[in-house]
Amino acid sequence: MREAIASAQQAAEQTDASGVVEPLGKDFEGNQGSLGRKDIANLVRLAHLRGERIGATLGPISVERRGERLVADFTVTLTQGSRLLPDAAGIYQVTSAWRREGSEWRCYSATWTRQL
């Protein structure tokens, strides 16, 4: 699961939409349903088409087991490098919920709040 988070972060920096959403479940909900899997992919695709850069730096990841599921908490720092998300630069606290689908961990829910 930690590898999936790191892989999505690297894909975001390469504006690789399929890599960003690869660890997300088909029913993924971000911030209580405000962004779904397709919405996130479309944001990354748009940044790629515009030739924009996304900078994302992960902080330490803490993981808590809840039955057969996992909850991962971490910070991510988004750096300004695009016209698409200029007001999104800052540090965010992320809480993500994960479940096993076959042999892979998939994120089915995440919430993020801006810290700075």
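Report on the accompanying structure. (Residues numbered from 1 in each chain as written. Predicted model: local features only at pLDDT ≥ 70, side-chain atom pairs only at ≥ 80, totals over all residues. Heavy atoms only, no water.)

**Things to note about the packing of aromatic side chains**
Here is step 1 of the chain: Here the structure, examined in full by the defined rule, presents zero aromatic pairs.
Here is step 2 of the chain: Cation over ring: Arg69 sits above Tyr108, and NZ or CZ is 4.9 Å from the ring centre. (Phe/Tyr/Trp six-rings, centres within 6.5 Å; stacked < 30°, edge-to-face > 60°. Lys NZ or Arg CZ within 6 Å of the ring centre and 35° of its normal.)

**Observations concerning unusual backbone geometry**
Here is step 1 of the chain: For Thr15, which is not glycine, the phi torsion reads 45 degrees and is therefore positive.
Here is step 2 of the chain: Relative to the helices and strands, Thr15 is located in the loop between helix H1 (2-13) and helix H2 (17-21).
Here is step 3 of the chain: Of note in this structure, Asn31 is not a glycine but carries a positive phi near 45 degrees. (Helix = DSSP H or I, 4+ residues; strand = E, 2+ residues; numbered from the N terminus.)

**Here we look at the pattern of salt bridges**
Here is step 1 of the chain: A complete count under the given rule lists five salt bridges for this structure.
Here is step 2 of the chain: Linking Glu22 and Arg106 is a salt bridge whose minimum nitrogen-to-oxygen distance equals 3.1 Å. Residue Glu22 is found in the loop between H2 and strand S1 (24-30), and its partner Arg106 is found in strand S7 (residues 104-114); the two are separated by 84 residues along the sequence.
Here is step 3 of the chain: Assessed through its relative accessible area of 43%, Glu22 is described here as partly exposed.
Here is step 4 of the chain: With a relative accessible area of 16%, Arg106 lands in the buried category.
Here is step 5 of the chain: A salt bridge links Arg50 to Glu52; the nearest nitrogen and oxygen atoms lie 3.9 Å apart.
Here is step 6 of the chain: In the salt-bridge network here, residues are joined through shared partners; they are Asp27, Arg99 and Glu101. (Salt bridge = Lys/Arg side-chain N within 4 Å of Asp/Glu carboxyl O. Buried < 20%, exposed > 50% of the residue type's maximum accessible area, 1.4 Å probe, protein only.)

**As for the nonpolar core**
Here is step 1 of the chain: Met1, Ile5, Val20 and Trp98 are the most contacted members of the largest nonpolar core, which totals 27 residues.
Here is step 2 of the chain: Elements supplying a minimum of two residues to this core: H1, H2, S1, helix H3 (37-49), strand S5 (69-79), strand S6 (90-101) and S7.
Here is step 3 of the chain: Aside from chain neighbours lying at most four places away, what touches Met1 is Val63, Leu70, Ala72, Trp98 and Trp105. (Core = buried A, V, L, I, M, F, W, Y, C linked by side-chain atoms within 4.5 Å. Contact = heavy atoms within 4.5 Å.)

**With respect to the pairing of S7**
Here is step 1 of the chain: Taken together, the three bridges between S1 and S7 define a ladder with parallel strand orientation. Opposite Gly30, over in S7, you have Ala110 as the bridge partner.
Here is step 2 of the chain: Summarising the sheet, S6 and S7 pair through 10 bridges and their orientation is antiparallel. Within the sheet, the bridge partner assigned to Thr95 lies in S7 and is Thr111.
Here is step 3 of the chain: As consecutive antiparallel partners, S6 and S7 are separated by two residues, and within that stretch Gly102 has a phi angle of approximately 70 degrees, a positive value. (Pairing = 2+ DSSP bridges.)

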